[in-house]
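Structure assessment
These are the residues of each chain, in order.
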Amino acid sequence: MATPPPAWPRRLLPLSLGLFQGALLLFFALFVTYGEPSAQKEEANLVAKQVYSIFPFFQDIQVMLVVGLGLLLTFLPRYGLSALTHNFLLLNFSTQWALVLQGLLHHFHHGQVHLDLRNLLTAEFAAVTVVISVGAVLGRTSPFQLLVVAACEVPVYLASEWAIVTQLGVLDVGGTITIHVFSCYFGLGVSKALFGAARWTVHPKETPTPLSDLLSLVGTLILWVFWPSFVAVLCQPGDAQHRAILNTILAMSASAVTTVVASSLTERDGKLSPSHLQNGSLAGGVAIGAVADMALPPVAALALGSLSAAACVLGFRFLTPLLARKLALQDQCGIHNLHGLPGILGAAASAVAVLVTPEDTS
């Protein structure tokens, strides 16, 4: 008679989450508070304007991350429910963990952490890096392993963001460098650490079906529609935010069209590849984040969107198989093609933009 497997591994996830949530409750009870109510009418009006200017963008970003990104990960036909669930869990876990760390590092005054909507937004940006990174190991890890990755990645992201933005003074309103490039290579590092030199063959259950591709494409469309809010939310209201929205729409429109062209030319039968369309259409939004609010001509946004989409499609077609063959590097979702390559293009574009822009330009 076979001995049943021990029950403790199955209890590891709920016990860990329970301890984390209990510790978080204690931390919030002791240290976290909201700001003092505004006594002056002018201050109250200023707070109201900040809420009304941020919250619509914040809602769009919530739809992007919970629904759009979750559906994008459902291309694996037997893993769709798990992908949605794990994405939702990691997003909430990582946001709360980031709130604690950000509060202690940046918002701890007189024994209290003051919480506001902007703090919550930046904490959610930290969570974005986690849900992007785990795309490299999608379907090959347990939920507890994913939580360990999240617990480790959030503090590393905060340190990286502080070094890039605060110490180096890099302009990156849309998170091209701090979010997309960082999360890509952190995720690839996790994949290499977990699987080493093992060469994984494609399992029949990993082959997308028309239904799973359709759900994933719906996620792409949701992300495509709301992406300008993600890029523009932290821009200065006014001209900078206006430019960021326009540049993002132009870049993503160009990337959508270029994806169709590049995919048709690189596929042998001339048909569109679902994975190309699901990812390449978003590449322009990744690349434009570093320069979105800069005083660029519209043609620069179109060109950057086209280049990033071409890089994404070519990455799927040639680079991913090469990395798997030469380095045994597993990248289940192709995060290197969607976040890494366009992110590097966007970073290079931001450097060029700063160098060629006249000194008297904003």
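The preceding data block contains the structure.
The sections below set out a description of the structure shown in this document. (Residues numbered from 1 in each chain as written. Predicted model: local features only at pLDDT ≥ 70, side-chain atom pairs only at ≥ 80, totals over all residues. Heavy atoms only, no water.)

**Here's the deal with the overall build of the protein chain**
Summing up its helical and strand segments, the protein chain has 11 helices and 3 strands in all. Counted from the first residue to the last, the protein chain has its helices and strands arranged as α-β-α-α-β-β-α-α-α-α-α-α-α-α. The C-alpha radius of gyration computed for the protein chain amounts to 21 Å, which stays within 12% of the reference 21 Å derived for 362 residues, consistent with globular compactness. Principal axes of the C-alpha set define a box for the protein chain whose edges measure 65 × 65 × 35 Å. Taking all 362 residues of the protein chain together, 45% fall into the buried category. Here the contacts in the protein chain between residues at least 6 apart in sequence split such that 82% fall between residues at least 24 apart. Counting only carbon and sulfur atoms, one obtains 69% of the accessible surface of the protein chain, whose full area is about 18,100 Å². (Helix = DSSP H or I, 4+ residues; strand = E, 2+ residues; numbered from the N terminus. Rg over C-alpha atoms; globule rule 2.2 N^0.38 Å. Buried < 20%, exposed > 50% of the residue type's maximum accessible area, 1.4 Å probe, protein only. Contact = heavy atoms within 4.5 Å. Areas by Shrake-Rupley, 256 points an atom, 1.4 Å probe, with all protein chains shown as cover.)

**Focus: the side chain of threonine 129**
Mapping threonine 129 onto the fold places it in helix H4 (residues 117-133). Setting aside residues no more than four positions away along its own chain, threonine 129 makes contact with Glu153, Tyr157, Thr178, Ile179, Phe182 and Ser183.

**Quick look at the packing of helix H8 (residues 239-266) against helix H10 (residues 298-327)**
Direction vectors running N to C along H8 and H10 enclose 35°, while the axes themselves pass 7 Å from each other. As for the relative orientation of H8 and H10, their crossing is right-handed in sense. Side by side, H8 and H10 meet where Asn247, Leu250, Ala251, Ala254, Ser255, Thr258, Thr259, Ala262, Ser263 and Thr266 of the first sit next to Pro298, Ala301, Leu302, Gly305, Ser306, Ala309, Ala310, Val313, Leu314 and Arg317 of the second. Split into classes, the residues belonging to the contact of H8 with H10 amount to 11 nonpolar, 8 polar and 1 charged. (Axes fitted to C-alpha atoms, helices over the stretch in contact; angles between N-to-C directions. Left-handed = near helix turned anticlockwise from the far one by under 90°. Nonpolar A, V, L, I, M, F, W, Y, C, P; charged D, E, K, R; others polar.)

**A closer look at the packing of aromatic side chains**
The full count for this structure, using the stated rule, is 9 aromatic pairs. Here the aromatic rings of phenylalanine 182 and phenylalanine 186 are separated by 5.7 Å at their centres, their planes lie at 35°, and the arrangement is tilted. In this pair, phenylalanine 182 and phenylalanine 186 both sit in helix H6 (residues 176-195), 4 residues apart, roughly one turn of the helix. The residues phenylalanine 182 and phenylalanine 186 share a single accessibility class, namely buried. One aromatic cluster is present, built from ring pairs that chain together Phe27, Phe28, Phe31 and Phe108. (Phe/Tyr/Trp six-rings, centres within 6.5 Å; stacked < 30°, edge-to-face > 60°.)

**Quick word on the sheet that holds strand S1 (residues 32-34)**
Strands sit in the order S1-S3-S2 across an open sheet of 3 strands; the sheet is mixed. The two strands at the open ends of the sheet, each matched to only one other strand, are S1 and strand S2 (108-109). (Pairing = 2+ DSSP bridges.)

**Some details on H4**
Taking 1.5 Å of rise per residue, the 17 residues of H4 would be expected to cover 24 Å, and the 25 Å separating its terminal C-alpha atoms lies within 8% of that figure. H4 sits mainly inside the fold: 13 of its 17 residues count as buried. Sitting at the amino-terminal end of H4 is aspartate 116, which places a side-chain oxygen 3.2 Å from the backbone nitrogen of arginine 118. (Expected span 1.5 Å × (residues − 1). Polar contact = N/O pair within 3.5 Å; in protein donor to acceptor, adjacent residues only side chain to side chain.)

**Re a nonpolar patch on the surface**
Taken together, the side chains of Val47, Val51, Tyr52 and Phe55 make up a nonpolar region of the molecular surface, amounting to roughly 400 Å² of accessible area. Relative to the assigned elements, tyrosine 52 resides in helix H2 (residues 41-72). (Patch = residues over 30% accessible without salt bridge, like charges linked within 9 Å, V, L, I, M, F, W, Y side chains within 5 Å. Salt bridge = Lys/Arg side-chain N within 4 Å of Asp/Glu carboxyl O.)

**Overview of unusual backbone geometry**
A positive phi is found at alanine 328, a non-glycine position, where the angle reads about 55°. In this structure, alanine 328 sits in the loop between H10 and helix H11 (335-356).

**Regarding the pairing of strand S3 (residues 112-115)**
Summarising the sheet, S1 and S3 pair through 3 bridges and their orientation is parallel. Bridging from a neighbouring strand, tyrosine 34 pairs with leucine 115 of S3. Taken together, the 2 bridges between S2 and S3 define a ladder with antiparallel strand orientation. Paired with histidine 109 across the strands is glutamine 112, a residue of S3. What sits between S2 and S3 in their antiparallel hairpin is a turn of 2 residues, with histidine 110 showing a positive phi close to 55°.

**As for the nonpolar core**
Among the nonpolar cores identified, the biggest contains 67 residues, and Leu90, Phe125, Trp227 and Phe230 are the most heavily contacted of them. With 9 residues, the single largest contributor to this core is H4. Not counting residues up to four positions away in its chain, the partners in contact with phenylalanine 125 are Ile61, Tyr157, Ile179, Phe230, Val233 and Leu234. Counting residues in hydrophobic clusters, the runner-up holds 13 residues, among them Leu76, Tyr79, Ala136 and Cys184. (Core = buried A, V, L, I, M, F, W, Y, C linked by side-chain atoms within 4.5 Å.)

Read these as geometric descriptors, not functional statements.
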